[in-house]
Amino acid sequence: MPNRKLNSSAIVNIEDLRRLAERRVPRSVFDYLDGGADAEVTLAENCRAFRDATFRPRSGVAVYDCKTTVSVLGHELAFPAILAPVSYIRLMHSDGEAGVARAAGQAGTIYTVPTISGHKLEDVKTVSTGPLWYQLYLLGGRQAAEGAIDRARRAGYSALVLTVDTPMAGKRERDPRNGMKELLAPALLPKARFLPNILAHPRWLASFLLDGGVPKLENVVIPGKGPMDLIDVGAALSHAGASWEDLRWIREMWPGPIVAKGVLTGDDAQRAVDEGAAAVVVSNHGGRQLDSVSPSLHALPEIVEAVGGQVEVLMDGGVRRGSDIVKAICHGAHAVLIGRAYAYGLAAAGEAGVARAIKILKDDLDLTLTLLGCPSIDQLDETYLGAAHRR
């Protein structure tokens, strides 16, 4: 799909990109990106938690050119937002992980390449000008995971992100209704009732077919069999849950920092520290796993207190505005991860859409700091939040 030009005057926030993405890709692809688990309670609450939090600005303070840089695991970032791993992203646009990596590098931040990726991790590294992390699922068994870890190390990835909240995929009710499984299946007949919607997106379909259709998982190479088929992922995830004990053998193989992604309690955060994690990500998987758990923003203070500065604390879930980034940092996060926010941009316009999403967030962050009367991101704390939102 050729990158479409974006009308900057019409795309002013992430919701604008979301609406554009909804028009440009089939329902099955959009709902995979947009949806959550079960009744989508947590999906909604992640965003509501940010909307409900209020600011306590400093008046009579003229600050300009606010400092937004932050160091995360030794990398100096232009602003405190890292691009999270989003699976199946090459289905959203043929630019896929390569386009996301280019946009992240140009914006001065990190991209976390997913296990369920349509591009080889080595190829993504080649086109990136910025640091890359590799997200690890134990798909295909320990040997396949060890192979991916070794490849990421040799390619020059700087951190390994172990997702610890996915012993199996959550029940995402939009997917069976809209034919995500059928889209990925090789047989044509199961696709029949979903074809009208697919054919209603001819530009996406042409790009999908020219890109080779459903890609194999080039980063999950099963010994003796080769790359895993994308359709096998759902079943494979049910046998691929990562345990704290797995961190021990992973740490022996991986010389760099390990990030534990998917903790919601202080006890789990401390366990991650005890097992050697260099950072934790407070995350409920974007509301896509267990529904009715705490919004990430609400869980964040407990985890910050539990780790007591031993490791860097990151968070994701519901970040749609630069002001959301500020609120997370006021609550103690070192930086945030964004997922849907940039993926909407990719689905809307490829790499250009990702770049636009990042710029929207960065500009909004700058404006929020200025209006708060805060000259630097590292001066944010709970005193910039309304009394109801402080511990």
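Up top is the structure.
Residues numbered from 1 in each chain as written. Predicted model: local features only at pLDDT ≥ 70, side-chain atom pairs only at ≥ 80, totals over all residues. Heavy atoms only, no water.

Draft legend 1. Region of the structure containing the packing of helix H14 (residues 266–274) against helix H15 (residues 296–307). Their axes nearest at 8 Å, the elements H14 and H15 cross at an angle of 40 degrees. It follows from the interaxial angle that H14 and H15 lie oblique. With respect to the hand of their crossing, H14 and H15 are arranged in right-handed fashion. Two secondary-structure elements touch here, H14 through Gly266, Ala269, Gln270 and Val273 and H15 through Glu302, Ile303, Ala306 and Val307. Across the contact of H14 with H15, the residue classes tally to 5 nonpolar, 2 polar and 1 charged. (Axes fitted to C-alpha atoms, helices over the stretch in contact; angles between N-to-C directions. Helix = DSSP H or I, 4+ residues; strand = E, 2+ residues; numbered from the N terminus. Parallel < 35°, antiparallel > 145°, perpendicular 65-115°, else oblique. Left-handed = near helix turned anticlockwise from the far one by under 90°. Contact = heavy atoms within 4.5 Å. Nonpolar A, V, L, I, M, F, W, Y, C, P; charged D, E, K, R; others polar.)

Draft legend 2. Expanded view of the packing of aromatic side chains. Taken as a whole, this structure holds 5 aromatic pairs when the rule is applied. Between Trp204 and Phe208 the ring centres are 4.8 Å apart and the planes differ by 10 degrees, which places this aromatic pair in the stacked class. Highlighted residues: Trp204 and Phe208, both in helix H11 (residues 202–210), separated by 4 residues, approximately one helical turn. Looking at Trp204, the relative accessible area reads 2%, which means it is buried. By relative accessible area, Phe208 is classed as buried at 13%. (Phe/Tyr/Trp six-rings, centres within 6.5 Å; stacked < 30°, edge-to-face > 60°. Buried < 20%, exposed > 50% of the residue type's maximum accessible area, 1.4 Å probe, protein only.)

Draft legend 3. Structural detail: the layout of surface pockets. Counted as a void, the largest pocket has a volume near 940 Å³. What lines the largest pocket is a set of 45 residues, and nearest its centre among them are Tyr32, Tyr88, Arg172, Asp175 and Arg288. Here the residues of the lining of the largest pocket sort into 21 nonpolar, 13 polar and 11 charged. Looking at the second largest pocket, its volume works out to about 400 Å³. Broken down by element, the lining of the second largest pocket gets its largest block of residues, 5 residues, from helix H3 (residues 41–52). (1 Å grid on protein atoms, 1.4 Å probe; cavity = no way out; pocket = protein on both sides within 12 Å on 5 of 7 lines; lining within 4 Å. Points joined across faces, edges and corners; volume = space filled by probe spheres on them.)

Draft legend 4. Structural detail: the environment of Gly140. Summarising the element assignment, Gly140 is placed in the loop between strand E5 (132–136) and helix H7 (142–155). Take Gly140: its relative accessible area is 32%, and that puts it in the partly exposed class. Sequence spacing of Gly140 and Met228 is 88 residues, and the spatial spacing of their C-alpha atoms is 7.6 Å. Residues in contact with Gly140, not counting those within four places in the same chain, are Val220, Ile222 and Met228.

Draft legend 5. Structural context of a negative patch on the surface. Together, Asp267, Asp268, Glu302 and Glu305 make up a region of like negative charge exposed at the surface. Sorting the residues of the negative patch by element identifies H14 and H15 as the ones contributing at least two each. Along the chain, the position of Glu302 falls in helix H15. Since its relative accessible area comes to 45%, Glu302 is described here as partly exposed. (Patch = residues over 30% accessible without salt bridge, like charges linked within 9 Å, V, L, I, M, F, W, Y side chains within 5 Å. Areas by Shrake-Rupley, 256 points an atom, 1.4 Å probe, with all protein chains shown as cover. Salt bridge = Lys/Arg side-chain N within 4 Å of Asp/Glu carboxyl O. Lys, Arg positive; Asp, Glu negative; His and termini not counted. Charge placed at Lys NZ, Arg CZ, Asp CG, Glu CD.)

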